[in-house]
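Here's the letter readout for the chains.
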Amino acid sequence: MFFVDVLETEGLGNRSYLAGGPGSAVVVDPPRDIDRVVAAAARRGVRITAVAETHVHNDYVTGGLELARLTGARYLVPAGAEVAYARVAVADGDVEPVDAGLELRAVATPGHTPHHTSYVLQEAGRAVAAFTGGSLLIGTVGRPDLVEPRLTEELARAQHASAHRLAGQLEDGVSVLPTHGFGSFCSSSASGGEHSTIGAEKAANPALVQDVETFVRELLAGLDDVPAYYAHMAPVNADGPAPLDLTEPRRADADDIARRLAAGEWVVDLRSRVAFAAGHVAGSLNFEVDGQLATYLAWMVPWGRPVTLLAHSADDLARAQRELARVGIDRPAAAAVGSPADWVADGDRPASFRRAGFAELAAARRDDEDVVVVDVRRDAERAQGWVGGSVHLPVHEIHRRLDEVPPGTVWVHCAGGMRAAVAASVLDAAGREVVAVDDGFAAAAEAGLPIVTPSDDAAA
């Protein structure tokens, strides 16, 4: 009997897989922090004999090279990928033994990247699972626009063809096990669920139910923003990532934190948005350790800028360090654990700002307060409707577009509160009076705020 264990990397919306039999296993698209993979193999009592990459990843730093070195496993990388290290170059149709009666067959599935390869797990010659990477996802496909703008339409067409190739080769009951699609920005649209099969995808996936022209047109029209750090991931992965170092960073005291802020470094407070709003080091930025820390911090921080982390506990600091290493922010410049009382220099006081709901925003508008509303959701979210009169500055752009925020008290909102807190901290650090709207966007209409849709805007 075979097994497939799923290793979730929730903050990035990705999955890795450990699959095998009683004695040995293969790892597909391993995360940077390979200790999780080694522990999973130990629990199973299996030896890792192969590590397989579906593609050179654009959204995270792989642990594949280091895992192969550590275990002595064969490192399978698509032959079309240009990499700077020794690997087993995998071509369409190649077969890799996994365990007795169990093997992995490579299937060329270009689209997410030109060299993308899926892997079919076969037991006694019969396909039982397909590791589809960034090709066929659950209810969608991997986005085709991460390699080169001039190739985007060509790769979108290739995604359609690759999905049909998988569906044509595999029986309906074969499990579809993608790497992306659980919140990952590598997905071309929102994922449709947690589990799927070839049969389920044939019934509902646009790549399999639409003709190629309709599919390509709708796919390209629906593509969302690309996190800025993606530009750095493929080169790191192609060169060969360095081994992960999760040793504790040097500790910073209040004077050191002040010096780092004065030097233009990013000082990141990992505490909850409630705690941060109540009191924080002036100039620090709030990225909750329980939010999408790696995605949004890596998206916003100038690449290579030193980052100092402030955490409530050593556990929170260790979690953040692990998450950031997954996207190439390998070593915090420094760190501190405690509270603002420990981090604020002598003679200074913690800064703070207000939190509120949409009902309070509506009341402030009715009272003719000097109110500026800033919407920090992404373009695709904004297109579904927005608060009338609001300014649209996506959270990942706000630190570069502060001069576009009108004068007045800035009420900043997103869809739920997390990104509003990030943006509020950026505005607060810039000296603006800010109110973070910590509320679900549905409450805006309930509070009586005018909601404008694109059709309303066009009619006006």
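Look above for the structure.
I will try to describe carefully the structure that is included in this document.

Reading the values: the criteria
Residues numbered from 1 in each chain as written. Predicted model: local features only at pLDDT ≥ 70, side-chain atom pairs only at ≥ 80, totals over all residues. Heavy atoms only, no water. Core = buried A, V, L, I, M, F, W, Y, C linked by side-chain atoms within 4.5 Å. Buried < 20%, exposed > 50% of the residue type's maximum accessible area, 1.4 Å probe, protein only. Contact = heavy atoms within 4.5 Å. 1 Å grid on protein atoms, 1.4 Å probe; cavity = no way out; pocket = protein on both sides within 12 Å on 5 of 7 lines; lining within 4 Å. Points joined across faces, edges and corners; volume = space filled by probe spheres on them. Nonpolar A, V, L, I, M, F, W, Y, C, P; charged D, E, K, R; others polar. Helix = DSSP H or I, 4+ residues; strand = E, 2+ residues; numbered from the N terminus. Lys, Arg positive; Asp, Glu negative; His and termini not counted. Salt bridge = Lys/Arg side-chain N within 4 Å of Asp/Glu carboxyl O. Polar contact = N/O pair within 3.5 Å; in protein donor to acceptor, adjacent residues only side chain to side chain. Pairing = 2+ DSSP bridges. Axes fitted to C-alpha atoms, helices over the stretch in contact; angles between N-to-C directions. Patch = residues over 30% accessible without salt bridge, like charges linked within 9 Å, V, L, I, M, F, W, Y side chains within 5 Å. Areas by Shrake-Rupley, 256 points an atom, 1.4 Å probe, with all protein chains shown as cover. Charge placed at Lys NZ, Arg CZ, Asp CG, Glu CD. Right-handed = clockwise from strand over helix to strand, strands pointing away.

**Thoughts on the nonpolar core**
- F287, L297, L309, V374 and I398 are the most contacted members of the largest nonpolar core, which has 54 residues in total.
- V374 has contacts with V391, L393, I398, V405, V410, W411, V412 and H413, leaving out every residue within four places of it along the chain.
- Formed by 21 residues, the second largest nonpolar core is a distinct cluster that contains F3, L7, L18 and A40.

**Things to note about the layout of surface pockets**
- By volume, the second largest pocket is sized at about 200 Å³.
- Lining the second largest pocket are V56, N58, T113, P114, H115, L146, V147, Y230, A231, A234 and P235.
- Within the lining of the second largest pocket, the residues separate by chemical class into eight nonpolar, three polar and no charged.

**Quick word on unusual backbone geometry**
- Notably, D29 is not glycine yet its phi reads approximately 50 degrees, a positive angle.
- Mapped onto the elements, D29 comes out in the loop between β3 (24-28) and α1 (35-44).
- The exposure class of D29 is buried, given its relative accessible area of 0%.
- Notably, A124 is not glycine yet its phi reads approximately 55 degrees, a positive angle.
- Mapped onto the secondary structure, A124 falls in the loop between β9 (117-123) and β10 (126-133).
- Here A124 falls in the exposed class, since its relative accessible area comes to 73%.

**Notes on the side chain of D225**
- Summarising the element assignment, D225 is placed in the loop between α6 (212-221) and α7 (230-239).
- For D225, which is buried and forms no salt bridge, the nearest opposite charge comes from R378, at a distance of 5.3 Å.
- Of the polar contacts made by the side chain of D225, one reaches the side chain of H396; its length is 3.4 Å.
- Those residues in contact with D225, other than ones at most four positions away along the chain, are R143, F185, W299, R378, D379 and H396.

**A word on the sheet that holds β9**
- Taken in spatial order, the five strands line up as β7-β8-β9-β10-β11 in an open sheet, and their pairing is mixed. Looking at the sheet topology across the chains shown, the edges are occupied by β7 (95-99) and β11 (175-178). Averaged over neighbouring strand pairs, the angle between their axes works out to 25 degrees when direction is ignored.
- Judged from the five bridges that link them, β9 and β10 form a sheet pairing that is antiparallel. Looking at β10, one finds that L121 is bridged to A129.
- Sheet contacts for helix α3 (residues 152-169): β8 (102-108), β9 and β10; angle to β8, the most-contacted strand, approximately 145 degrees.

**Considerations on a negative patch on the surface**
- On the surface, D367, D368, E369, D370 and E433 cluster together into a patch of negative charge.
- With respect to the helices and strands, D370 occurs in the loop between α13 (358-366) and β17 (371-375).

**Details of the pairing of β3**
- Among the five residues in β3, five count as buried, and that is most of the element.
- Pairing analysis gives four bridges linking strand β2 (residues 14-20) to β3, with the strands arranged antiparallel. From the neighbouring strand, L18 faces β3, where its bridge partner is V27.
- The antiparallel hairpin formed by β2 and β3 contains three residues in its connecting segment.
- Relative to strand β4 (residues 47-52), β3 is paired through five bridges, and the arrangement is parallel. Looking at the pairing, V27 lines up with V51 of β4.
- A crossover links β3 with its parallel partner β4, the connecting element being α1, and its sense is right-handed.

All quantities given are derived from atomic positions and should not be read as evidence of function.
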